[in-house]
Amino acid sequence: LQVFLALTCAFAGPAASETALPVQIVKAATSERQQEVVLAGLLQAEQSFQASFPDGGRVLSVTVRQGDQVEKDAVLAQIDPTQAAAEERAAQAELDGAEAALLQATLANDRMQGLLDRGTGTRAEVDATVEALISARSARDRAAAQLAKAQSRLDDTTLLASSAGTVIRRSAEPGSVVGPGQEVIAIAASGGLDAVFNVADGFDLESHLGEPVSVTLIDNPDLILNATLREVSPLVDSGTGTVEVKARITGAKPASVPFGAPVVGHIALPDPGAITLPWNTLTTTAAGPAVWTVDPATMTVALTLVEVDSYTSDAVRLKA
């Protein structure tokens, strides 16, 4: 959109009104500029998980510390296995007895079936041995299931990493008692890295998903990480009145940068088009700010109301 504007020049004294006023006509056009948004946040893994014991117990050892790199199935910690080991031994003994009883029931059934085939046994005796065999087999299956459960509980006394990553938190120490599902170790999974910001509600960033973000560390502003705006939470934190915004870091995390490091994100967003004019073109009326516009066909002027976008030291920006 282009308009012609008349700039009135300064003059001195009432007598000047009797002579023609010198004016300058300039051609103005809509222009765009970049608006920089600055956000403060933390560097976090795109995915993280808490490692915990399915059953509680007293912690015997924790083999990793914050910052350690771990591989999948690496040992992280162990709780006292005494009770689980005792249950496993008892279940094994029960299974051994059930296996022996099943063997005896099988031999008895085979013997009685042979007697029946030779005509010296009865059908009732065979039926009884079959029932005993079925019962023994069921007892063996139950004992095998109990042993598998006991072995699983014993295995669960050793905490393994479910995925490769970096230890970001160690929440238990040897000698402490943890409950079922209570966090012992927190691990940031290898792979994606996010800069996570909390932004005041009402600031529209959803329409700018995919825009580049320049991320710098507060403790090391010379290190710049490139990122892309990837997610704006639809929920507002009731306590802070902010929404969570995530920018995915391009490339791997530098080894010297810890998880949780405070960062600042800079986003250059296109500003809606505006018309930039010298400040002395702006006048005012009872209805608000205005400028004199010129019709290029007739060279007649008209006072036109405008909406001011912003001011600079030597210019004014009008909303197009």
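Now for a look at the structure at hand. For clarity, every value in this text was computed on a predicted model and none was experimentally measured.

Reading the values: the criteria
Residues numbered from 1 in each chain as written. Predicted model: local features only at pLDDT ≥ 70, side-chain atom pairs only at ≥ 80, totals over all residues. Heavy atoms only, no water. Helix = DSSP H or I, 4+ residues; strand = E, 2+ residues; numbered from the N terminus. Buried < 20%, exposed > 50% of the residue type's maximum accessible area, 1.4 Å probe, protein only. Contact = heavy atoms within 4.5 Å. Areas by Shrake-Rupley, 256 points an atom, 1.4 Å probe, with all protein chains shown as cover. Pairing = 2+ DSSP bridges. Patch = residues over 30% accessible without salt bridge, like charges linked within 9 Å, V, L, I, M, F, W, Y side chains within 5 Å. Salt bridge = Lys/Arg side-chain N within 4 Å of Asp/Glu carboxyl O. Core = buried A, V, L, I, M, F, W, Y, C linked by side-chain atoms within 4.5 Å.

## Some remarks on the overall build of the chain
Then, number 1: Within the chain, the secondary structure is distributed over 2 helices and 22 strands.
Then, number 2: Residues classed as buried in the chain amount to 32% of the 320 residues present.
Then, number 3: At a minimum sequence separation of 6, the contacts of the chain that also span at least 24 residues come to 69%.
Then, number 4: Only carbon and sulfur atoms are counted for the fraction: they give 54% of the accessible area of the chain, which is about 18700 Å².

## Section: the sheet that holds strand β4 (residues 48–52)
Then, number 1: Strand order in the open sheet formed by 4 strands is β4-β11-β9-β6, and the pairing between neighbours is antiparallel. What marks the edges here is a single partner per strand, and that holds for β4 and β6 (69–70).
Then, number 2: Pairing between strand β9 (residues 165–170) and strand β11 (residues 183–189): 5 bridges, direction antiparallel. Paired with Gly165 across the two strands is Ala189, which belongs to β11.

## Observations concerning a nonpolar patch on the surface
Then, number 1: Taken together, the side chains of Val23, Ile25 and Met299 make up a nonpolar region of the molecular surface, amounting to roughly 280 Å² of accessible area.
Then, number 2: Here Met299 lies in the loop between β19 (288–295) and β20 (300–305).
Then, number 3: Look at Met299 and you get exposed, because its relative accessible area is 52%.

## Notes on the nonpolar core
Then, number 1: Leu43, Phe197, Leu205, Val215, Val245 and Ile249 are the most contacted members of the largest nonpolar core, which totals 24 residues.
Then, number 2: Among the secondary structure elements, those contributing two or more residues to this core are β3 (34–45), β12 (193–200), β13 (212–217), β14 (224–232), β15 (242–249) and β16 (262–270).
Then, number 3: Among residues more than four places away in sequence, those in contact with Val215 are Ala195, Leu223, Ile224, Leu225, Ala227, Ile249, Val263, Val264 and Gly265.
Then, number 4: Counting residues in each nonpolar core, the second largest holds 18 residues, with Phe53, Val59, Val64 and Ile187 among its members.

## Quick look at the pairing of β20
Then, number 1: For β19 and β20, the ladder comprises 6 bridges, and the chain directions are antiparallel. In the sheet register, Asp295 faces β20, and the bridge partner there is Thr300.
Then, number 2: In this antiparallel pair of consecutive strands, β19 and β20, the connection spans 4 residues, and Met299 shows a positive phi of 60 degrees.

## Thoughts on the pattern of salt bridges
Then, number 1: In this structure the tally under the stated criterion is 12 salt bridges.
Then, number 2: Linking Arg169 and Glu183 is a salt bridge whose minimum nitrogen-to-oxygen distance equals 2.8 Å. Here Arg169, found in strand β9, pairs with Glu183, found in strand β11; they are 14 residues apart in sequence, far enough to count as distant.
Then, number 3: On the basis of relative accessible area, Glu183 is assigned to the buried category, the value being 14%.
Then, number 4: In this structure, Glu244 and Lys246 form a salt bridge, with 3.9 Å as the shortest nitrogen-oxygen distance.

## A look at unusual backbone geometry
Then, number 1: You will see that Asp73, though not glycine, has its phi angle at about 70 degrees, which is positive.
Then, number 2: Mapping Asp73 onto the fold places it in the loop between β6 and β7 (75–79).
Then, number 3: Using a relative accessible area of 46% as the deciding quantity, one classes Asp73 as partly exposed.
Then, number 4: In this structure, Met299 is a non-glycine residue whose phi angle is positive, near 60 degrees.

## Overview of the environment of Val75
Then, number 1: Along the polypeptide, Val75 turns up in strand β7.
Then, number 2: With 12 residues separating them in the primary sequence, Val75 and Thr63 have C-alpha atoms 7.0 Å apart.
Then, number 3: Discounting chain neighbours no more than four positions away, the residues touching Val75 are Thr63, Val64, Thr158, Leu159 and Leu160.

## Thoughts on the sheet that holds strand β10 (residues 177–178)
Neighbouring strands of a sheet are bound in pairs by backbone hydrogen bonds; such pairs are parallel or else antiparallel.
Then, number 1: The 4 strands are arranged β8-β7-β5-β10 in an open sheet whose pairing can be described as antiparallel. Single-partner strands in this sheet number two, and they are β8 (158–160) and β10.
Then, number 2: Pairing between strand β5 (residues 57–62) and β10: 2 bridges, direction antiparallel. Note on β10: the bridge partner recorded for Arg58 is Val177.

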